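Topology and contacts: notes
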Amino acid sequence: DAGVTQSPTHLIKTRGQQVTLRCSPKSGHDTVSWYQQALGQGPQFIFQYYEEEERQRGNFPDRFSGHQFPNYSSELNVNALLLGDSALYLCASSLFGTSGSALGQYFGPGTRLTVT
Amino acid sequence: AQKITQTQPGMFVQEKEAVTLDCTYDTSDPSYGLFWYKQPSSGEMIFLIYQGSYDQQNATEGRYSLNFQKARKSANLVISASQLGDSAMYFCAMREATAGNNRKLIWGLGTSLAVNP
C-alpha cells in the first residue's frame, strides 16, 4: 500500500520564476492538503482540495494556487517566486469525513524548494 | 483564535530514560483534537498519537503517551525508554475547531529532541 508521494524531492528556482509541485495521496484517500514549513517553523496550512475543488484556504496570497485531478492527485503552483517562498512543502492526504476521529492526515516526504 | 505553544526549543535525554515534551493550546471550542507528530531530518511528518477533547483517558501508543490536562489546556507527550532513533523534531498540532469535514491542523513551533547514548 503506497503512502503519500511527492515530487520532486528538491528544487532550486530563481526569483520571479514559477514552480509546480506534485502530490499523490495514499491509496483510498480523496482529500489533499498542502502545508508550507519554513526553516525552524511549524507547518502553515496553504489549502485543501476535495472533489477537484479548493475547500479551505489559509492565509497565502493568490500566487499560490492548486489543482486536484480526477485520480485525487494534486498540484501546488507558485507564481512569481520570492526568496521567502523557500521552504519545505508538505502534502497530506486524508479521507473526507474522518475529521472527527483519530484518522488524521498522512504526510508525504515533502519537496524542499530553494529560491535564489 | 486557536493556538499551539511549545516552549521547549530543544531537549536532551539519555538513552533509555523518559522525556516529556510540553504542549499547551488555546481554543474556545469544546470539541477539538490534539496530535503529536515526529519529523526526522528527512522531513516527513510521522503521526505518533492523538487525543480527542472528549476522551476520558489519556492516549497511549507503545512508548508514547499523552498527558492530557484539559483544565490546564495542556497535552504533553511522554516518551518512555528513549532510543537513539527518537532524535527528531516533535510537533504538537490541533485540529481546527470549526464546522465541516477535514478541518486543517494548527501547529506549534516544535521541540528538537536529542537522545544521547
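Notes on the structure follow. (Residues numbered from 1 in each chain as written. Chains lettered and ligands numbered in written order. Predicted model: local features only at pLDDT ≥ 70, side-chain atom pairs only at ≥ 80, totals over all residues. Heavy atoms only, no water.)

Concerning the sheet that holds strand β7 (residues 64-68) of chain A
All names here are of chain A. Definition in use: Two strands make a pair as long as DSSP finds a minimum of two bridges between them. Where helices and strands are cited, they refer to DSSP runs of H or I of at least four residues and of E of at least two residues respectively, numbered from the N terminus. Working convention: axes come from line fits to C-alpha atoms, limited for helices to the stretch in contact. Angles between N-to-C directions cover 0 to 180 degrees.
Spatially, four strands are ordered β1-β3-β8-β7 in an open sheet, and the strand pairing comes out antiparallel. Pairing within the sheet leaves two strands with one partner each, and these edge strands are β1 (5-7) and β7. Here the average twist between neighbouring strands, direction ignored, is 20 degrees. Bridge count for β1 against strand β3 (residues 19-24) is three bridges, and the pairing is antiparallel. Pairing of Gln6 across the sheet is with Cys23, part of β3.

Brief notes about the packing of aromatic side chains
The description of two aromatic rings rests on the distance between their centres and on the angle between their planes. Residue and element names in this part refer to chain A. Worth spelling out the cut-off: Side-chain rings of Phe, Tyr and Trp (the six-membered ring for Trp) are treated as a pair once their centres are within 6.5 Å; stacked means planes under 30 degrees apart, edge-to-face means over 60, and tilted covers the remaining angles. In this scheme, a residue with accessible area under 20% of its type's maximum is buried, one over 50% is exposed, and one in between is partly exposed, where area comes from a 1.4 Å probe on protein chains only.
One pass over the full model with this rule turns up 15 aromatic pairs over all chains. Look at Tyr35 and Phe45: their rings are 5.7 Å apart centre to centre, the planes differ by 70 degrees, and that puts the pair in the edge-to-face class. Remark: Phe45 occurs in strand β5 (residues 44-50) and Tyr35 occurs in strand β4 (residues 31-37); sequence separation between them is ten residues. When sorted by exposure, Tyr35 lands in the same class as Phe45, which is buried.

Quick notes on the nonpolar core
What counts is decided by this rule: Take the buried Ala, Val, Leu, Ile, Met, Phe, Trp, Tyr and Cys residues and link them wherever side-chain atoms come within 4.5 Å; each set so joined is a nonpolar core. Residue contacts follow a heavy-atom distance rule, with two residues in contact if any of their heavy atoms lie within 4.5 Å.
If you look at the biggest cluster of nonpolar residues, it comprises 24 residues, and the most contacted ones within it are Tyr25(B), Leu34(B), Trp36(B), Ile49(B), Leu77(B) and Tyr90(B). Of all elements in the fold, only β3 (19-21), β5 (33-39), β6 (46-52), β8 (64-69), β9 (74-79), β10 (88-95) and β12 (111-116) of chain B reach the threshold of two or more residues within this core. If one sorts the elements of this core by residue count, β10(B) sits on top with four residues. Among residues more than four places away in sequence, those in contact with Tyr25(B) are Lys3(B), Ile4(B), Tyr32(B), Leu34(B), Phe68(B), Lys70(B), Lys73(B), Ser74(B), Ala75(B) and Met94(B). In terms of nonpolar packing, the next biggest core, distinct from the first, is built from 20 residues, Leu21(A), Phe64(A), Tyr89(A) and Cys91(A) among them.

Here we look at the pairing of β4(A)
All names here are of chain A. With seven of seven residues buried, β4 is to be regarded as a mostly interior element. Alternating positions in β4 separate into two faces, Thr31, Ser33, Tyr35 and Gln37 on one and Val32, Trp34 and Gln36 on the other, with burial throughout. Note: β4 against β5, six bridges, orientation antiparallel. Bridging across to β5, Gln36 finds its partner in Gln44. Two successive antiparallel strands, β4 and β5, enclose a turn made up of six residues, where Gly40 displays a positive phi of approximately 80 degrees. Sheet topology note: the β4/strand β9 (residues 87-94) ladder contains seven bridges and is antiparallel. Following the sheet pairing, Gln37 is matched in β9 by Leu88.

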